[in-house]
Amino acid sequence: MPVLPGAEPFRHEGGEVGVLLCHGFTGSPQSLRPWADFLAERGLTVSLPLLPGHGTRWEDMAVTGWQDWYAEVDRELRVLREKCEQVFVFGLSMGGALSLRLAAKHGDAISGLVLVNPANKVHGLSAYALPVARHLVRTTKGLADDIALPGSHEVGYDRVPLHCAHSVRKFFKLVDGELPQVTQPVVLLHSPQDHVVPPADSARILSRISSTDVMEIRLEQSYHVATLDHDAERIFDESYRFIGRLAPSVGMKGSTSGG
């Protein structure tokens, strides 16, 4: 199946500092493309992969699971590590959970994490029905487009395959158990008015990771897809400042340009 317009993966060959960006469940690289462009314009090496089963039609996603999505970002991380002296991992929603697992597994190979409305749990009574319901009903309503900014649109599926919802629920439980292994510096940005992932997920992640260099930022004017919302520029600026603090070569460029 052809990839939906705007949902294509993105790569940019830049300098010795690399960033891997991980998009969310049923979403696509489009939700993170402005962020990727911002980083690429500042000379960073950037990888924004398309997760298997995403960016085409929900039927393609229905035959994939968390192992496929994680394998893709793990592979991209290894490619970046071969090219770059330092690598950072950024993630939105489920992409935040993917980022946290990469951090738990790869340790010092990752210099830092930036997480935007990271997901930690499938909430509600329906989550407990998934093991059975997925055999009776193929899909439920979609999660895309939770954005406050008028005219801003997320390219994502309007249906969620229940087999995939069951898989992501198992993945969140796995990652939750691995959170104490996360030791890297972290910036976590979350929206109090998020209609997809509640603030409780961010709070639990912050309470369980072992990182000591942690910054929490509230995105008061945005909903779930904050990277396409009112606070997008703040996310971009804070993430670049974070890289500049931890990657000396980028930090020197920032001080030279005055930004």
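All residue numbers here refer to positions counted from 1 along the written sequence of the relevant chain. It should be noted that, the model being predicted, local features are given only for residues of pLDDT at least 70 and side-chain atom pairs only at 80 or more, the latter also being counted only at that level, while totals for whole chains, interfaces and linings use all residues. Side-chain figures throughout are based on the complete set of non-hydrogen atoms in the structure, without hydrogens or water.

### Overview of the sheet that holds strand β5 (residues 112–116)
Filter applied, for reference: A pair of strands is considered paired only if DSSP assigns at least 2 bridges between the two. Comment: elements are numbered from the N terminus, with helices defined as DSSP H or I runs of at least four residues and strands as E runs of at least two. A fitted line through C-alpha atoms serves as each axis, taken over the contacting stretch for helices, and the angle formed by two N-to-C directions is quoted from 0 to 180°.
One open sheet accounts for seven strands, arranged β1-β3-β2-β4-β5-β8-β9; its pairing is mixed. One side of each edge strand has no neighbouring strand; the edge strands of this open sheet are β1 (10–12) and β9 (214–218). For this sheet, the mean angle separating the axes of adjacent strands, direction not counted, is 15°.

### Points about the packing of aromatic side chains
Convention followed: The pairing test for Phe, Tyr and Trp rings, Trp by its six-membered ring, is centres within 6.5 Å, and the orientation test on the planes gives stacked under 30 degrees, edge-to-face over 60, and tilted for anything in between. Buried, partly exposed and exposed residues are distinguished by accessible area as a fraction of the type maximum, computed with a 1.4 Å probe on protein chains only: under 20%, between the cut-offs, and over 50%, respectively. Counting as a charge over the ring demands two things of the Lys NZ or Arg CZ atom: a distance within 6 Å of the ring centre and an angle within 35 degrees of the ring normal.
The tally for this structure, following the rule as stated, stands at eight aromatic pairs. Ring centres of Trp35 and Phe90 lie 4.9 Å apart, and the angle between their planes is 20°; this geometry places the pair in the stacked category. With a gap of 55 residues between them, Trp35 in helix α1 (residues 33–41) and Phe90 in strand β4 (residues 86–92) connect regions that are remote in the sequence. By relative accessible area, which is 0% here, Phe90 ends up buried. Connected via pairs of aromatic rings, a cluster forms that spans Trp35, Phe38, Phe90, Phe236 and Tyr240. Residue placement shows Arg42 over the ring face of Tyr240; its charged tip is 6.0 Å from the ring centre. Its end group placed over the ring of Tyr70, Arg101 keeps NZ or CZ at 4.8 Å from the ring centre.

### Overview of the UniProt feature "active site" (unreviewed entry) in the chain
Counted only if it meets this: UniProt positions are given in the numbering used here, feature names are shortened, and annotations may be inferred rather than shown by experiment. Working rule for contacts: check all heavy atoms of both residues, and any pair within 4.5 Å makes them a contact.
Here the UniProt feature "active site" (unreviewed entry) sits at Ser93, Asp194 and His224. With the annotated positions falling across 132 residues, the maximum pairwise C-alpha distance of 10.7 Å places them together in a single cluster. With respect to the secondary-structure elements, Ser93 resides in the loop between β4 and α4 (94–106). As for its position among the elements, His224 is in the loop between β9 and α8 (232–246). If we ignore the near neighbours within four places in the chain, the residues touching His224 are Leu92, Ser93, Asn117, Asp146, Gln193, Asp194, Val196 and Val197.

### Re helix α6 (residues 162–178)
Note the threshold: A helix is expected to span 1.5 Å for every residue after the first.
Between the first and last C-alpha of α6 there are 25 Å, a value that for 17 residues agrees with the 24 Å anticipated at 1.5 Å per step. Looking at α6, one finds that the buried residues are Leu162, Cys164, Ala165, His166, Ser167, Val168, Arg169, Phe171, Phe172, Val175, Asp176 and Glu178.

### Observations concerning the confidence of the model for the chain
Operational definition: What pLDDT conveys is the predictor's confidence in a given residue, as a value from 0 to 100.
Scored by pLDDT, the chain comes out at a mean of 92, with 91% of its residues at no less than 70. In the predicted structure, residues 254–259 sits below a pLDDT of 50 and forms one contact with residues beyond four places in sequence or in another chain.

### With respect to the packing of helix α3 (residues 66–83) against α6
Note the following rule: In what follows, roughly perpendicular refers to angles from 65 to 115 degrees, roughly parallel to angles under 35, roughly antiparallel to angles over 145, and oblique to any angle outside these ranges. Residue classes follow a fixed rule: Ala, Val, Leu, Ile, Met, Phe, Trp, Tyr, Cys and Pro count as nonpolar, while Asp, Glu, Lys and Arg count as charged, and any other residue, Gly among them, counts as polar.
Close contact between α3 and α6 brings their axes to 9 Å; oriented N to C, the two are set at 60°. Relative to α6, the element α3 is oriented oblique. Of the residues in α6, those in contact with Trp66, Gln67 and Trp69 of α3 are Cys164, Ser167, Val168, Phe171 and Leu174. Of the residues in the contact of α3 with α6, the class split is six nonpolar, two polar and no charged.

### Some remarks on unusual backbone geometry
Despite not being glycine, Asn117 has its phi angle at roughly 45°, a positive value. In this structure, Asp145 is a non-glycine residue whose phi angle is positive, near 75°. With respect to the element layout, Asp145 can be found in the loop between β6 (139–141) and β7 (159–161). Of the residues examined, Asp145 reaches a relative accessible area of 34% and is grouped as partly exposed.

### Re α8
Here α8 spans 22 Å end to end across 15 residues, near enough to the 21 Å set by a 1.5 Å rise per residue. Within α8 the residues assigned to the buried category are Ala232, Ile235, Phe236, Glu238, Ser239, Tyr240, Phe242, Ile243 and Gly244.

### Things to note about the pairing of β4
Among the seven residues in β4, seven count as buried, and that is most of the element. A two-sided burial pattern is seen for β4, the buried positions comprising Gln86, Phe88, Phe90 and Leu92 on one face and Val87, Val89 and Gly91 on the other. Bridge count for strand β2 (residues 17–22) against β4 is six bridges, and the pairing is parallel. Counted as the bridge partner of Cys22 is Gly91 from β4. The sheet contact formed by β4 and β5 spans five bridges and is parallel.

### Details of the environment of Glu216
This is how the line gets drawn: In the analysis that follows, any N or O atom pair within 3.5 Å is treated as a polar contact, provided that within protein one partner can donate a hydrogen and the other can accept it, and provided that, for residues neighboring in sequence, both atoms belong to side chains.
Its place among the elements puts Glu216 in strand β9. The spatial distance from the C-alpha of Glu216 to the C-alpha of Leu206 is 8.6 Å, given a sequence separation of ten residues. Apart from the residues lying within four places of it in its own chain, the contact partners of Glu216 are Leu188, His190 and Leu206. Within the local environment of Glu216, its side chain forms a polar contact with the side chain of His190, the two groups lying 2.8 Å apart.

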